[in-house]
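# Topology and contacts: notes
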Amino acid sequence: MLITHDTECALSILVELLNTAPEVCGTELLPDVAALDAFVVRQEISEVDSLTDDDLRNVHQLRSRLREVFGTEGTVEAAELVNALVADAGTTPRLTNHDHHGWHIHYFAPHAALHDHLAAELGMSLAFILTAGERERLRRCEAPDCARVFVDLSRNRSRRYCDSRTCGNRLHVAAYRARQRSAEAVPQAEAVAQAEAVTSA
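Below, the structure is looked at part by part. (Residues numbered from 1 in each chain as written. Predicted model: local features only at pLDDT ≥ 70, side-chain atom pairs only at ≥ 80, totals over all residues. Heavy atoms only, no water.)

### Remarks on the nonpolar core
Residues L66 and L118 are the most contacted members of the largest nonpolar core, which totals 41 residues. At the level of secondary structure, the elements contributing two or more residues to this core comprise helix 1 (5-18), helix 3 (33-42), helix 4 (53-70), helix 5 (75-89), helix 6 (114-131) and strand 4 (149-151). Ranked by residues supplied to this core, first place goes to helix 6 with ten residues. Those residues within four positions of L66 in sequence are excluded, and the remaining contacts are L14, L17, L18, L85, L122 and L126. Counting residues in each nonpolar core, the second largest holds seven residues, with C141, C146, F150 and Y161 among its members. (Core = buried A, V, L, I, M, F, W, Y, C linked by side-chain atoms within 4.5 Å. Buried < 20%, exposed > 50% of the residue type's maximum accessible area, 1.4 Å probe, protein only. Helix = DSSP H or I, 4+ residues; strand = E, 2+ residues; numbered from the N terminus. Contact = heavy atoms within 4.5 Å.)

Put into structure tokens, the structure is as follows:
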């Protein structure tokens, strides 16, 4: 799947935002304005004015709406959610070449509120995934004890875990140990069966 650098960056921000939710981590990773400001700096989100408690509350609400897209069962439902997000943000596409990034498109109005800024940019990145017929790339980690989401940008859509070094390895190790226990249990069961047969004889 061909994906532009801007869309890939937006999808990265989307995943990072969704995975800050308390239902994912067990605790809120954006608990206050300072944490939200740090998130903006870390993700290099441009054209953001001073943040307030209203911004924090609105971003939390937006995060919940964006997460719904990952739980949809079909493209029609996902598209309806994305359309609503983008419409509510008052999307206003414009060309810009700030900070030596070359010409690219911003979908938010200059100095828009952070939640509108994110809704426009992240909503459009989701729109590109949907129009490419790639909704199945919007995934939830398959580890049973993990609620993180990710966008599978692998060539063959084979990614199953949010992080192969954590969730993936943990499940592979657990499966290996289960196989080992099963293999050890077979000789023990045979020995017990033989002992019972001798006793009954």
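### Quick notes on the packing of aromatic side chains
Taken as a whole and assessed by the stated rule, the structure comprises one aromatic pair. Measuring from ring centre to ring centre gives 6.3 Å for Y107 and F128, while their planes differ by 65 degrees; the resulting arrangement is edge-to-face. Taken as a pair, Y107 in the loop between strand 2 (104-106) and helix 6 and F128 in helix 6 lie far apart in primary sequence, 21 residues in all. Exposure remark for F128: the relative accessible area of 34% places this residue in the partly exposed category. Lying across the ring of F108, R94 places its NZ or CZ 5.1 Å from the centre. (Phe/Tyr/Trp six-rings, centres within 6.5 Å; stacked < 30°, edge-to-face > 60°. Lys NZ or Arg CZ within 6 Å of the ring centre and 35° of its normal.)

### Topic: the side chain of S46
For S46, the location among the structural elements is in the loop between helix 3 and helix 4. On the basis of relative accessibility, which here comes to 16%, the residue S46 falls in the buried class. With residues near it in sequence (within four places) discarded, S46 still touches H98, H106, F108 and H117.

Function cannot be inferred from these measures alone, as they are strictly geometric.
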